[in-house]
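Here are the chains, one letter per residue:
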Amino acid sequence: ASFTYPNDQPSTTLWYHDHALGMTRNNVYAGPAGFWLIREPNGSETDLPTGMILPGPAPVAGEDPNFVAADRAKVREIPIAIQGRSFNADGSLFYPANRAFFQGLGDGQIPSILGNFLAGLNLNFLGGLIRTPSDISPIWNPEFFANTMVVNGTTWPYLEVAQEQYRFRLLNGSQSRFLNLSLRALDAAGIDIGEVPIYQIGAEQSLLPAPVEILTGYKTPLPENGSIPLDIITASDPQEALLMGLAERADVIVDFSNLPSGTATVRMINTAPDGPFGGFEDNIPADPDTTGQVMEFRINPALNSGSYPSTPIAALVLNRPDEVEWYEAALGTKQDLALLEEESAYICTFVQPNGRIVEDVFGIPDLNNPGTCINRLNNRPRTSVPFAPKAAVLGTNGSTGGVVQLWMDPIRTNPALGDTQEWELWNHTEDAHPIHLHLVKFRVLNRQAFDSDTLGLSDTIRDPEFTESGWKDTVIAYPGEVTRLKAKFDIAGLYVWHCHIVEHEDNEMMVPYCVGNNGPGCVAAGL
């Protein structure tokens, strides 16, 4: 097959990866993913004012910055894909073979049912005489957090850099791991001597209105007149730095000419957790000796060239995505959508003091009271609980608690061609989910907390982060919040929206939607 893409959108940082239904997690983990950078025909950035110059050059065809030192020395724009990987002793990739790995019971080396049983996950995955069937897969891991950080295919690499500005196109290409990135300056003895600012200038689908200076606990947009900001603006949480959900991109500038005196290296560190991310309230940062370190920049004055001019960061004026006309267009149908998590409808379990999980053969989940089990013989309450999570799923009617929609269910989301819609994502789960829409770019409107029992909305509406002020295609939907987006659906056809935790999207947290009633694929889908 041959596929053609017009590439007629504004210049931006895109990426591509395998998307095979039900096995995306395996194929992307094996490697098929890469950057797809869009530029104007003259090589500039869309709406970048005349005279504004971003750090460059980028690698071009025929050069080999990986293995040719002269090519590498002149590059000032570098795509950086950050991923997690685990390796076997022979260097091959490790991915867990049983569900017990996710429960923290085993090493995931022994396949399927036997491996689960030996590790201490004692469930009858096949069903049987007492209970049939089972709705929990013995090989399914709801999320996977590898134990090494990989940058552009290399574990914990380093890059020699000149004392100049560099532009980095960052991508969180991991399986399930959120990233919270910051830069620390180290002296020749490896002593931390201070944090180095990151200046974000773009997100997934555009440059931002203005550069945003990011330091841990602070996100400050720079004034348009190039002056020093009067007020340093705090981030949503004191721990937050450059927070990146799965598939989010950040176009950033780092100025290695303005470092603390004595800096020998600058280390990129990650303080998001080695597990599911639901916000910073209970955040336990990644292991500082392993997954807390991403890569290192080693300062080499011999690389200084002086031949690559760039506009001072404080003087940069970027594009104005809020001035696009259709953004003020009247809204079509508002989409009331839901992020949900399912528990087993058949299996109840006890957790023993040693951590082993044992099936309660007399228990059955009480479908009228989630989170509880009853005796299958007399319907009396049991102290066991339904096994969970079974799967994270999407749905509709989020404002009233949510109605599950699975992949093979009839399509419920059908914007008219040319329609501008507001999507409300009600997250009823315990985790944050990076939600990605195919086809469109969108604007993040706001977020608002809701009561999990009454579903009543908080009086406080939270504006998007300054780093979310451009066009996006992926957004973090936090637990207990409704996240609102606005998009124009201008190309007819059949598309999907999904969580970009790839273990989630492979197991029902992805559903199709159709633009128009006669677009490609929509007729076959019944629309």
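Reading the values: rules and limits
- Residues numbered from 1 in each chain as written.
- Predicted model: local features only at pLDDT ≥ 70, side-chain atom pairs only at ≥ 80, totals over all residues.
- Heavy atoms only, no water.
- Helix = DSSP H or I, 4+ residues; strand = E, 2+ residues; numbered from the N terminus.
- Rg over C-alpha atoms; globule rule 2.2 N^0.38 Å.
- Contact = heavy atoms within 4.5 Å.
- Areas by Shrake-Rupley, 256 points an atom, 1.4 Å probe, with all protein chains shown as cover.
- Lys, Arg positive; Asp, Glu negative; His and termini not counted.
- Charge placed at Lys NZ, Arg CZ, Asp CG, Glu CD.
- Pairing = 2+ DSSP bridges.
- Axes fitted to C-alpha atoms, helices over the stretch in contact; angles between N-to-C directions.
- Salt bridge = Lys/Arg side-chain N within 4 Å of Asp/Glu carboxyl O.
- Buried < 20%, exposed > 50% of the residue type's maximum accessible area, 1.4 Å probe, protein only.
- Disulfide = S-S within 2.5 Å.
- Polar contact = N/O pair within 3.5 Å; in protein donor to acceptor, adjacent residues only side chain to side chain.
- Core = buried A, V, L, I, M, F, W, Y, C linked by side-chain atoms within 4.5 Å.
- Phe/Tyr/Trp six-rings, centres within 6.5 Å; stacked < 30°, edge-to-face > 60°.
- Arc of directions from axis to C-beta.

Take the overall build of the protein next. Scanning the protein for helices and strands turns up four helices and 34 strands. Computed over its C-alpha atoms, the radius of gyration of the protein comes to 24 Å, within 12% of the 24 Å expected for a compact globule of 527 residues. Taking the principal axes of its C-alpha atoms as reference, the protein extends roughly 80 × 55 × 50 Å. Long-range pairs, those at least 24 residues apart, make up 73% of the contacts in the protein between residues at least 6 apart in sequence. A total accessible area of about 23,200 Å² is found for the protein, and carbon and sulfur atoms account for 54% of it. Put simply, the protein has 32 plus and 63 minus side-chain charges, and the middle of one group is 3 Å from the middle of the other.

Taken in spatial order, the four strands make up an open sheet running S31-S28-S33-S34, and their pairing is antiparallel. On the outer flanks of this sheet lie strand S31 (474-477) and strand S34 (510-515), each paired with one strand and no other. Looking at each pair of strands side by side, their axes are set apart by 25° on average, direction ignored. Examined bridge by bridge, strand S33 (residues 493-499) and S34 share six bridges and lie antiparallel to one another. Looking at the pairing, Gly493 lines up with Val515 of S34.

For a regular strand, side-chain orientation follows a simple rule: the groups alternate between the two sheet faces. When strand S29 (residues 442-450) meets strand S30 (residues 457-462), the two strands line up antiparallel, connected through three bridges. From the neighbouring strand, Arg447 faces S30, where its bridge partner is Arg462. Turn length for the S29-S30 hairpin, with the two strands adjacent in sequence and antiparallel, is six residues, and the turn residue Leu455 shows positive phi of about 65°.

As enumerated under the stated definition, the model contains 29 salt bridges in all. We note a salt bridge from Arg167 to Asp251, for which the minimum N-O separation is 2.6 Å. Here Arg167, found in strand S8 (residues 165-172), pairs with Asp251, found in strand S15 (residues 249-255); they are 84 residues apart in sequence, far enough to count as distant. Each member of the pair, Arg167 as well as Asp251, is classed as buried. Arg484 is the salt-bridge partner of Glu422, the closest N and O atoms lying 3.8 Å from each other. You can see Glu422 sitting in strand S27 (residues 419-427) and its partner Arg484 sitting in strand S32 (residues 481-489), a full 62 residues away along the chain. Owing to a relative accessible area of 8%, Arg484 belongs among the buried residues under this scheme. By sharing partners, the salt bridges in this structure join Arg39, Glu45, Glu77, Arg167, Arg169 and Asp251 into a single network.

Summed over the entire model, instances satisfying the criterion amount to two disulfides. In this model, Cys348 is linked to Cys373 through a disulfide, with the two sulfur atoms separated by 2.1 Å. Around the S-S axis, the bridge from Cys348 to Cys373 shows a dihedral of about -105° and counts as left-handed. Of this pair, Cys348 sits in strand S19 (residues 348-351) while Cys373 sits in strand S22 (residues 373-375), and the two are 25 residues apart along the sequence.

Among the secondary structure elements, Asn270 is positioned in strand S16 (residues 265-270). Take Asn270: its relative accessible area is 2%, and that puts it in the buried class. Separated by 3.3 Å, the side chain of Asn270 and the backbone oxygen of Thr291 make a polar contact. Ignoring sequence-local partners within four residues, the contact set of Asn270 consists of Arg177, Phe178, Leu179, Asn180, Leu181, Ala286, Thr291, Gly292 and Val294.

Across the junction of Gly56 and Pro57, the peptide omega takes the value 10°, indicating a cis bond. Counting through the fold element by element, Pro57 comes out in the loop between strand S2 (33-38) and helix H2 (69-74). The phi angle at Trp156 is positive, at roughly 40°, despite the residue not being glycine. Structurally, Trp156 can be placed in the loop between strand S6 (154-155) and strand S7 (158-161). Trp156 gets classed as partly exposed once you look at its relative accessible area, which sits at 37%. The phi angle at Glu508 is positive, at roughly 85°, despite the residue not being glycine. Positionally, Glu508 belongs in the loop between helix H4 (502-505) and S34.

Further remarks concern the environment of Glu160. Within the fold, Glu160 resides in strand S7. Spatially, the C-alpha atom of Glu160 lies 9.1 Å from that of Arg72, the residues being 88 residues apart in sequence. Residues within four places of Glu160 in sequence aside, it is in contact with Tyr166, Arg298, Asn300 and Leu303. A distance of 3.2 Å separates a polar atom in the side chain of Glu160 from a polar atom in the side chain of Asn300.

This brings us to the sheet that holds strand S23 (residues 381-382). Ordered in space as S21-S22-S23, the three strands form an open sheet in which the pairing is antiparallel. The sheet is open, and its two edges are formed by strand S21 (363-365) and S23, each paired on a single side. Pairing geometry for S21 and S22, over three bridges, is antiparallel. Bridged to Gly363 within S22 is Asn375.

This part is about the nonpolar core. Grouped together as the largest cluster of nonpolar side chains are 36 residues, with contacts concentrated most on Phe168, Leu170, Phe256 and Phe297. Once residues within four sequence positions are removed from consideration, Leu170 is found in contact with Ile80, Leu181, Leu242, Met244, Glu248, Arg249, Ala250, Val252 and Met268. Residues Trp423, Leu437, Tyr478 and Ala487 belong to the second largest nonpolar core, which totals 33 residues.

Applying the stated criterion across every chain, the model contains 22 aromatic pairs. Here Trp423 and Trp497 contribute two aromatic rings whose centre-to-centre distance is 5.7 Å and whose plane-to-plane angle is 75°, an arrangement assigned as edge-to-face. Here Trp497 lies in strand S33 and Trp423 lies in strand S27, a separation of 74 residues in the sequence. Note on accessibility: Trp423 and Trp497 belong to one class, buried.

Residues of helix H3 (residues 112-119) that are buried: Gly115, Asn116 and Ala119. Buried residues along H3 cover an arc of 100° about the axis, so they all sit on one side. H3 presents Leu114, Phe117 and Leu118 as exposed residues on the side facing more than 90 degrees away from its buried surface. Among the structural elements, strand S4 (121-122) are those in contact with the buried residues of H3. Where H3 ends, the next residue or the one after it, Gly120, has phi of about 115°, a positive value.

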